[in-house]
Amino acid sequence: MELNITKMNDKKTNGIFVTFEGIDGSGKSTQASSLLRKVQESGLNAVLFREPGGTRISEQIRQILLSTKHTEMSSITEVLLYSAARAQLTEEMVIPGLRDNDVVICDRYYDSTTAYQGYGRGIDMEFISALTKEAARKIEPDLTFLVDVDADLAEKRSSTIGRKDRIELENYEFKIRVIQGFRDLAEKFPDRIVILDGSKEVEQLTETAWKKIQTLLEKKGIIINLEANSENI
Ligand code: TYD
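In this report, we go over the structure that sits alongside the text. For clarity, every value in this text was computed on a predicted model and none was experimentally measured.

Looking now at the environment of Phe49. Mapping Phe49 onto the fold places it in strand E3 (residues 46-50). Residues Phe49 and Ala136, 87 residues apart in the sequence, show an inter-C-alpha distance of 14 Å. Beyond its immediate sequence surroundings of up to four residues, Phe49 is in contact with Leu89, Met93, Val94, Val104, Ile105, Cys106 and Asp107.

Below, the structure written as structure tokens:
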């Protein structure tokens, strides 16, 4: 069934900011790309960025962060670099992106820092909270999809990937703490964070995510007509 989507008017309405989160191997990047396609096919303007990365400077920071050679990196250096990459992405891409598009999707954002550097590395949460707020220029996602899988499934999926980066090489206990971090965040922010069961089929999860997005777009007045278009059924 196709949807007949009518945009409100030509006046630029600020877009919505949607993020995907989850442990490595959860399938969140596949989900983010699949949702991007769905949103674009509906006739809306949408862009997808990844974290860390998405700008010239942030991609370079990504290389420093993920290189398996950098085994001596301190946890503080790590959290500062993730935040630096985010600050650059936010100013250069996310803020202009929200001005020019209906939907901006980001594959990871600051919840990853809370889960990985907070729960995983044990960095002080208040410090992380203050730092991430500044790095994100006080921008908050309107909607976050947590693609949730358990550590065993994540390990199984990751083992099929050829080369692992510095963070993916962390031990099982680290991953358990990160997963718990994401789940705690979802409990703390139930209005923003939607849990998707990452063991399910990609298409099924895309449909669930798309429905949530439509509701949000309607609320924001970006879409006014989501009636099924009978000609296309
Ligand atoms: P990602 O791009 O999701 O990995 P991949 O290319 O394998 O899909 O993220 C890179 C790694 O960075 C991932 O292991 C999670 C980690 N990460 C943090 O530890 N903190 C953060 O704030 C972010 C954004 C990512």
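What follows covers the side chain of Asp107. Within the secondary structure, Asp107 is located in strand E4 (residues 103-107). There is a polar contact of 2.8 Å between the side chain of Asp107 and the side chain of Lys28. In this structure the side chain of Asp107 is engaged in a polar contact, spanning 2.7 Å, whose partner is the side chain of Ser29. Aside from chain neighbours lying at most four places away, what touches Asp107 is Phe20, Lys28, Ser29, Leu48, Phe49, Arg50 and Glu51.

So, on to the pattern of salt bridges. Scanning the entire structure with this criterion turns up 14 salt bridges. Each of Glu78, Arg121, Arg166 and Glu170 takes part in salt bridges that share partners, so that together they form one network.

This part covers the site of the ligand. With respect to spatial proximity, 16 residues lie near the ligand, and among them Arg62, Tyr82, Arg108, Thr113 and Gln117 are the closest. For the ligand, an oxygen atom lies 2.8 Å from a polar atom in the side chain of Arg62. Contacts to the ligand include Arg86, whose side-chain N or O atom sits 3.1 Å from an oxygen atom. Protein coverage of the free-state accessible area of the ligand, which is 550 Å², stands at 89%. Looking at the shell around the ligand, the elements that each hand over two or more residues are helix H1 (28-41), helix H2 (56-66), helix H3 (75-100) and helix H4 (110-120). If one sorts the elements of the shell around the ligand by residue count, H4 sits on top with four residues.

Let's shift gears to the nonpolar core. Membership of the largest hydrophobic core comes to 24 residues, with the highest contact counts inside it found for Val18, Phe20, Leu35, Phe145 and Ile213. Listed by contribution, the elements that provide at least two residues to this core are strand E2 (16-21), H1, E4, strand E5 (143-148), strand E6 (193-197) and helix H8 (202-219). The element best represented in this core is H8, accounting for six residues. In this structure, Val18 is in contact with Leu35, Val103, Val104, Ile105, Cys106, Leu143, Phe145 and Ile213, ignoring residues within four places of it in sequence. By size, the runner-up hydrophobic cluster in this structure holds 22 residues, among which are Leu65, Ala151, Ala154 and Phe182.

Closest axis-to-axis distance for the H3/H4 pair is 11 Å, and the angle between their directions is 175°. Classified by the angle their axes make, H3 and H4 are roughly antiparallel. Contact residues: H3 offers Glu78, Val79, Tyr82 and Arg86, while H4 offers Tyr110, Thr113 and Gln117.

To continue, consider the pairing of E2. Regular strands have side chains that alternate between both faces of the sheet. Among the six residues of E2, six are classified as buried, and the element is accordingly described as predominantly covered. Alternating positions in E2 separate into two faces, Ile16, Val18 and Phe20 on one and Phe17, Thr19 and Glu21 on the other, with burial throughout. Examined bridge by bridge, E2 and E4 share five bridges and lie parallel to one another. Counterpart to Phe20 in the pairing with E4 is Asp107.

This next bit is on the environment of Arg137. With respect to the secondary-structure elements, Arg137 resides in the loop between helix H5 (125-135) and E5. You can call Arg137 partly exposed: its relative accessible area is 42%. Measuring from C-alpha to C-alpha, the distance between Arg137 and Ala87 comes to 7.1 Å, with 50 residues separating the pair along the chain. Apart from the residues lying within four places of it in its own chain, the contact partners of Arg137 are Thr90, Glu91 and Ile95.

Let's shift gears to the side chain of Asp165. Within the secondary structure, Asp165 is located in the loop between helix H6 (151-158) and helix H7 (172-188). Buried Asp165, no salt bridge; nearest opposite-charge side chain is Arg62, N-O distance 5.4 Å. When neighbours within four sequence positions are excluded, Asp165 is seen to be in contact with Leu66 and Thr68.

This brings us to H2. The α-helix winds at 3.6 residues per turn, so residues separated by three or four positions along the chain end up facing the same way. When H2 is considered as a whole, its buried residues turn out to be Ser58, Ile61, Leu65 and Leu66. The arc that holds the buried residues of H2, viewed along the axis, is 120°, so those residues lie on one side. Pointing more than 90 degrees away from the buried face of H2 are the exposed residues Arg56, Gln60 and Gln63.

How each quantity is defined
- Residues numbered from 1 in each chain as written.
- Predicted model: local features only at pLDDT ≥ 70, side-chain atom pairs only at ≥ 80, totals over all residues.
- Heavy atoms only, no water.
- Helix = DSSP H or I, 4+ residues; strand = E, 2+ residues; numbered from the N terminus.
- Contact = heavy atoms within 4.5 Å.
- Polar contact = N/O pair within 3.5 Å; in protein donor to acceptor, adjacent residues only side chain to side chain.
- Salt bridge = Lys/Arg side-chain N within 4 Å of Asp/Glu carboxyl O.
- Near = heavy atom within 4 Å.
- Areas by Shrake-Rupley, 256 points an atom, 1.4 Å probe, with all protein chains shown as cover.
- Core = buried A, V, L, I, M, F, W, Y, C linked by side-chain atoms within 4.5 Å.
- Buried < 20%, exposed > 50% of the residue type's maximum accessible area, 1.4 Å probe, protein only.
- Axes fitted to C-alpha atoms, helices over the stretch in contact; angles between N-to-C directions.
- Parallel < 35°, antiparallel > 145°, perpendicular 65-115°, else oblique.
- Pairing = 2+ DSSP bridges.
- Lys, Arg positive; Asp, Glu negative; His and termini not counted.
- Arc of directions from axis to C-beta.

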